[in-house]
Amino acid sequence: MQTIEELYQLILQRKNKPEAGSYTDYLFTKGLDKILKKVGEESTEVVVAAKNPSDEDFVYEVSDLVYHVLVLMVDRGISVDDIKTELAKREGLMSKTKERREIDKL
Ligand SMILES: N=c1c2ncn([C@@H]3O[C@H](COP(=O)(O)OP(=O)(O)OP(=O)(O)O)[C@@H](O)[C@H]3O)c2ncn1[C@@H]1O[C@H](COP(=O)(O)O)[C@@H](O)[C@H]1O
């Protein structure tokens, strides 16, 4: 079982210490445009899979997207903690928005 943090660390390791035959290394070698193209393709595949009944296919495509987004984050120097911090900031913000919606309903 691999956590998202562990996968991120493995991808970071590939960037810092390229390994022959590694797909991650191939993406870093091709560069940002290639990584962005893959993120775009995988996003579309998630959308298509979501419209179909197979949960297995959907989970497969989401996993592909998560992996490619992590490669993009490593390439841009953004950590999993950066995302966690942003999400944590929204916790308070979102409950205020919810409160606002409740008030507006009155
Ligand atoms: N999670 C993934 C992962 N998800 C998807 N992929 C690769 O992403 C590619 C997506 O498939 P596509 O058919 O869209 O792309 P392709 O035709 O193979 O390649 P392109 O020429 O289109 O770029 C496949 O080659 C998959 O193997 C991944 N490759 C690696 N990982 C993880 O990264 C780790 C390190 O992998 P390496 O860098 O290969 O050692 C692995 O142990 C895994 O945990």
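In what follows, the structure referred to is the one given above.
Small disclaimer: the values here were computed from a predicted structure and weren't measured.

Definitions and cut-offs
Residues numbered from 1 in each chain as written. Predicted model: local features only at pLDDT ≥ 70, side-chain atom pairs only at ≥ 80, totals over all residues. Heavy atoms only, no water. Helix = DSSP H or I, 4+ residues; strand = E, 2+ residues; numbered from the N terminus. Expected span 1.5 Å × (residues − 1). Buried < 20%, exposed > 50% of the residue type's maximum accessible area, 1.4 Å probe, protein only. Arc of directions from axis to C-beta. Contact = heavy atoms within 4.5 Å. Bend = angle between axes of the 7 residues up to and from the residue.

Enquirer: Lay out helix α1 (residues 4–16) in plain terms, naming residues and giving numbers.
Expert: Side chains of residues three or four places apart in an α-helix project in the same direction, reflecting 3.6 residues per turn. The first and last C-alpha atoms of α1 sit 18 Å apart over 13 residues, in line with the 18 Å expected at 1.5 Å per residue. Those residues of α1 that sit buried are Leu7, Tyr8, Ile11 and Arg14. Along the axis of α1, the buried positions cluster into a sector of 120°, meaning they face one direction only. On the buried face of α1, the contacting elements are α2 (23–30), α4 (55–76) and α5 (80–105).

Enquirer: Before we move on, could you go through α5 and cite the residues and values that matter?
Expert: Between its first and last C-alpha, α5 extends 37 Å over 26 residues, near the 38 Å set by a 1.5 Å rise per residue. Taking the largest bend as the criterion, α5 deviates by roughly 30°, centred on Glu91.

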